[in-house]
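# Geometric and topological summary
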Amino acid sequence: MEDKVQLQRFELKYRVDEPTAQAIREFVSGYLEPDEYSLGKPNLSYRIHSLYLDSDDLRCFWDVFNSNKNRFKLRIRYYDDRPDTPAFCEIKRRVNEAILKQRCAIRKEVVPQLLSGQLPDPSFLLSQKPQQLEALQEFCRRISDLNAKPRTHVSYLREAWVSPGSNAVRICMDRQVCSEPQSEPELKTEMENPVMPFEPEVILELKFTGRFPNWMGELVRTFNLRQVSSAKYADGVALLGERRLAPESLTLMREDLLERLLQRHQVPAALRKGT
């Protein structure tokens, strides 16, 4: 099993409407090709699910709120509800302007054991490469340090374009971002009553491992793109209301701070429920 994730990259985020997203698709098709999972799918999109973990005082969420330059997120990513396909333990770190990832593929059946505090075991892994075990150990260490638990289930449709023959340049367009509370160590694909913090907009992500490609600069200028924060986990928590996710005795958020966060992320007033 080959994992083509970009382990170190730069990442720029924008939000666009659907007609602009369609025009951007036409533009990037001259430079990139659909990734292998997009091919043959309706609207060139496939479903991604993530179970996000956080501490009782939601430290990872607050690090995003405070725009801390050095921060990380913990999540388990998966793509379907089949028991024979992998789940991926991921640590996504921001160090100044760079994005760093550690990721390992595990068997889905061991997720409850892993999140209950069981020590990582090589048998959990689908590959015996040393860096896979190292990533699993680091993931479990951070869970232990934070006393992190499942907090939210986030799901969306991803359209991804990659540079031919490599993964040095990648463009993603994410649609229908959904978020709902989840405290169980389960990998669900169904949602009951999610919030959608970015509808009807599309999140556009430009990802590159080296220098910023000239044609990406042309893309930004052509469509008059402006960078805006689009944090799927944090914006979902803000819209859900963090009182639903953290014990009330540890709730630190003031209403004025929540309002500032929602305004900064341009969440429409009509969507500001559950706060």
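Presented here is an overview of the structure given in this document. All values derive from a computational prediction rather than experimental measurement. (Residues numbered from 1 in each chain as written. Predicted model: local features only at pLDDT ≥ 70, side-chain atom pairs only at ≥ 80, totals over all residues. Heavy atoms only, no water.)

What follows is about the nonpolar core. Ranked by internal contacts, the top residues of the largest apolar core, which has 48 residues, are Leu74, Ile106, Leu136 and Phe139. It is helix 4 (residues 130–146) that contributes the most residues to this core, six residues altogether. Among the nonpolar cores identified, the runner-up in size contains 22 residues, and Val16, Phe27, Val28 and Met173 belong to it. (Core = buried A, V, L, I, M, F, W, Y, C linked by side-chain atoms within 4.5 Å. Buried < 20%, exposed > 50% of the residue type's maximum accessible area, 1.4 Å probe, protein only. Helix = DSSP H or I, 4+ residues; strand = E, 2+ residues; numbered from the N terminus.)

On to helix 6 (residues 232–240), then. A large share of helix 6 lies buried, amounting to nine of its nine residues. Immediately beyond the C-terminal end of helix 6, within one or two residues, lies glycine 241, with a positive phi of roughly 95 degrees.

Attention shifts here to the environment of threonine 152. Looking at the secondary structure, you find threonine 152 in strand 7 (residues 149–162). For the pair threonine 152 and arginine 75, spaced 77 residues apart in sequence, the C-alpha to C-alpha distance is 9.6 Å. Setting aside residues no more than four positions away along its own chain, threonine 152 makes contact with Ser50, Leu51, Tyr52, Ser179, Glu180, Pro181, Gln182, Tyr233, Val237, Leu240 and Leu245. (Contact = heavy atoms within 4.5 Å.)

This part takes up the pattern of salt bridges. As enumerated under the stated definition, the model contains 26 salt bridges in all. Between arginine 175 and glutamate 18 there is a salt bridge; the shortest N-O distance is 3.0 Å. Here arginine 175 is found in strand 8 (residues 169–181), whereas its partner glutamate 18 is found in helix 1 (residues 18–28), with 157 residues between them in sequence. Its relative accessible area of 7% is what places arginine 175 among the buried residues. By relative accessible area, glutamate 18 is classed as partly exposed at 28%. In this structure, the salt-bridge partner of glutamate 138 is arginine 141, at a minimum N-O distance of 2.7 Å. Here glutamate 138 pairs with arginine 141, and both are found in helix 4, just three residues apart, close to one helical turn. The network of salt bridges with common partners includes Glu11, Lys13, Lys92, Arg158, Asp174, Glu205, Lys207 and Lys232. (Salt bridge = Lys/Arg side-chain N within 4 Å of Asp/Glu carboxyl O.)

Geometry only, nothing functional implied.
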